[in-house]
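Here are the chains, one letter per residue:
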Amino acid sequence: MQDVARASGVSVMTVSNVINGRNVSPETRGRVLEAIDTLGYRVNLAARNLRKGRTGTIGLAVPEVDSPYFAQLAARIITHAEAAGFRVAIEQTGLSREKELTTLAQSRNYQYDGVILSVVGLGKEDAALLQVDFPAVILGERIFDGPLDHLAMANVEGARAATEHLLGAGRRRIAMIAEVEAEPDSGVASLRFHGYRDALLGAGIAVDPDLVVAPRNVTMPAGRDAVRELLDRGHDIDAVFCLTDTLAIGAMRGLADAGLRVPDDVMVIGFDDIIEARFTIPSLSTVDPGHDFMARTAVEMLIERIERKGTAGPPREVISPARVVARESTRPAADRA
């Protein structure tokens, strides 16, 4: 910086102001940038971060990096983190409670400035294990009243809205593809089932247990097979609400294999609004859980903790808004004419 200052005839402080985007006259900025280009000067980020006591890197731990939903979420988090001057290191926890705890515990060793952890295996009973001495934000539905900032999804509200959307289209035999946990409110599937149940009961329709099918996993083949199981039970269905878009895409394949038309014979709606949902035939109706809101808010909450070194106040819980995105898979014939 001293070399750049001498070459451009300004002070070192002025060079610093140019590099950091502070207010400098256009003429002076031009001279400094020309000197930087001529001398080949590059900011030493390692030295800068060492001076600040940071690495400039945050960790992001997700259950599955090849899941469309988590891939989209990670991409958005990276975008917002980079805009704030942070790099993101991604880890995969593999749907394992133990790996989620290990990732959180070892984040300090990895020299992250903070970590965003999307949880699946951890529950309310694990709250005491989340006492860490570095900035962290939890994404997920299983942690409540814990010691860390928590960004949750409106699972019940979103599922209720999805089911009400099907009811509003005149459907009454609405199946659900999801493995519902025995313990109430213990996870995403249970919460979304509650929204599905509440919408049916609100319409005066009893929940038929035979219309709730558990897939073997959350994949397209599993969605296809779950629909086959529904049809093999001999129950008439006129709509299917799926735990995720991935299952819903598979369900549409299963219905087509059985000679049933979507949406004329059976309407289908998913949850997550993954990019692929826009390109299926018919395009898939779904619930948008607020991807960008979650990514932006998670990064902002974490950086606030990093900047204030843990003095940003008590743990916060924020719920992302959800909305139904109606596409062709739930569009009545009259609306398509």
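For the structure, see preceding data.
Below is a short write-up of the structure.

What counts as what
- Residues numbered from 1 in each chain as written.
- Predicted model: local features only at pLDDT ≥ 70, side-chain atom pairs only at ≥ 80, totals over all residues.
- Heavy atoms only, no water.
- Helix = DSSP H or I, 4+ residues; strand = E, 2+ residues; numbered from the N terminus.
- Buried < 20%, exposed > 50% of the residue type's maximum accessible area, 1.4 Å probe, protein only.
- Contact = heavy atoms within 4.5 Å.
- Lys, Arg positive; Asp, Glu negative; His and termini not counted.
- Charge placed at Lys NZ, Arg CZ, Asp CG, Glu CD.
- Pairing = 2+ DSSP bridges.
- Axes fitted to C-alpha atoms, helices over the stretch in contact; angles between N-to-C directions.
- Salt bridge = Lys/Arg side-chain N within 4 Å of Asp/Glu carboxyl O.
- Arc of directions from axis to C-beta.
- Polar contact = N/O pair within 3.5 Å; in protein donor to acceptor, adjacent residues only side chain to side chain.

Attention now goes to the overall build of the chain. Each helix and strand in the chain was counted, giving 12 helices and 12 strands. Across its three principal axes, the chain shows a C-alpha extent of roughly 85 × 50 × 30 Å. Residues counted as buried form 48% of the 337 residues belonging to the chain. Considering only contacts within the chain whose residues lie at least 6 apart along the sequence, 67% involve residues at least 24 apart. Across the chain, the mean location of the 38 positive side-chain charges is 7 Å away from that of the 46 negative side-chain charges.

This part covers the pairing of strand E5 (residues 149-153). Where burial is concerned, most of E5 is hidden: five out of the five residues are buried. Across the two faces of E5 the burial is the same, with Asp149, Leu151 and Met153 and His150 and Ala152 all buried. The pairing of strand E4 (residues 136-139) with E5 spans three bridges and is classified as parallel. Within E5, the residue paired with Val137 across the bridge is Asp149. Here four bridges tie E5 to strand E11 (residues 317-320), and the two strands are oriented parallel to one another. Across the sheet, residue Leu151 finds its bridge partner in E11, namely Val318.

Strand order in the open sheet formed by four strands is E7-E6-E8-E9, and the pairing between neighbours is parallel. Every interior strand has two partners, whereas the edge strands, strand E7 (212-213) and strand E9 (267-269), have only one. Running over the sheet, helix H7 (residues 155-168) touches strand E6 (174-177), strand E8 (239-242) and E9 and is turned about 170° from E8. Set on the sheet, helix H9 (residues 220-232) makes contact with E6 and E7; between it and E6 the angle comes to about 140°.

Bringing the sheet that holds strand E1 (residues 57-62) into the picture now. A sheet is described by the order of its strands in space; here six strands give the open sequence E2-E1-E3-E4-E5-E11, paired in parallel fashion. Either end of the sheet is taken by a strand with one partner, and the two such strands are strand E2 (87-92) and E11. The sheet shows a mean angle of 20° between the axes of neighbouring strands, taken without regard to direction. Where helix H6 (residues 97-106) meets the sheet, its contacts fall on E1, E2, strand E3 (114-118) and E4, and the angle it forms with E3 comes to roughly 170°. Against the sheet, helix H11 (residues 291-307) touches E1, E3, E4, E5 and E11, its axis set at about 175° to E5.

The linkage connecting Val262 with the following residue, Pro263, adopts the cis geometry, with an omega of 10°. Of note, Pro263 is situated in the loop between helix H10 (245-257) and E9. Cis rather than trans, the peptide bond between Ile281 and Pro282 has omega equal to -5°. For Pro282, the position within the fold is in the loop between E9 and strand E10 (286-288).

A word on the pattern of salt bridges. Applying the stated rule across the entire model yields 23 salt bridges. Put simply, Asp3 and Arg6 hold a salt bridge, and the shortest N to O gap is 2.4 Å. Here the residue Asp3 and the residue Arg6 both occupy positions in helix H1 (residues 2-8), the gap between them amounting to three residues, near one helical turn. Across the salt bridge formed by Arg327 and Asp273, the nearest N and O atoms sit 3.0 Å from each other. Taken together, the residues span a long stretch of sequence, with Arg327 in the loop between strand E12 (323-325) and helix H12 (333-336) and Asp273 in the loop between E9 and E10 at a distance of 54 residues. Residue Arg327 is classed as buried on the basis of its relative accessible area, which comes to 13%. The buried category is assigned to Asp273, whose relative accessible area is 7%. One salt-bridge network, held together by shared partners, links Arg216, Arg224, Asp225, Arg228, Arg253 and Asp257.

Attention now goes to the pairing of E1. Counting buried residues along E1, six of its six residues qualify, which places the element largely inside the surrounding structure. What you see with E1 is no split at all: Thr57, Gly59 and Ala61 on one side and Ile58, Leu60 and Val62 on the other are buried throughout. Bridge analysis of E1 against E2 gives six bridges, and the strand direction is parallel. Pairing of Gly59 across the sheet is with Ala89, part of E2. In this structure, E1 lies alongside E3, joined through four bridges in parallel fashion. Bridge pairing links Leu60 to Ile116 in E3.

This part takes up H6. For H6, the set of buried residues is Glu100, Thr103 and Leu104. The arc enclosing the buried residues of H6, seen along the axis, measures out at 95°, which places them on a common side. Of the surrounding secondary structure, the elements contacted by the buried residues of H6 are E1, E2, E3 and E4. The N-cap of H6, judged by a side-chain oxygen 3.3 Å from the amide nitrogen of Glu98 a few residues on, is Ser96.

What is shown is where atoms sit, not what they do.
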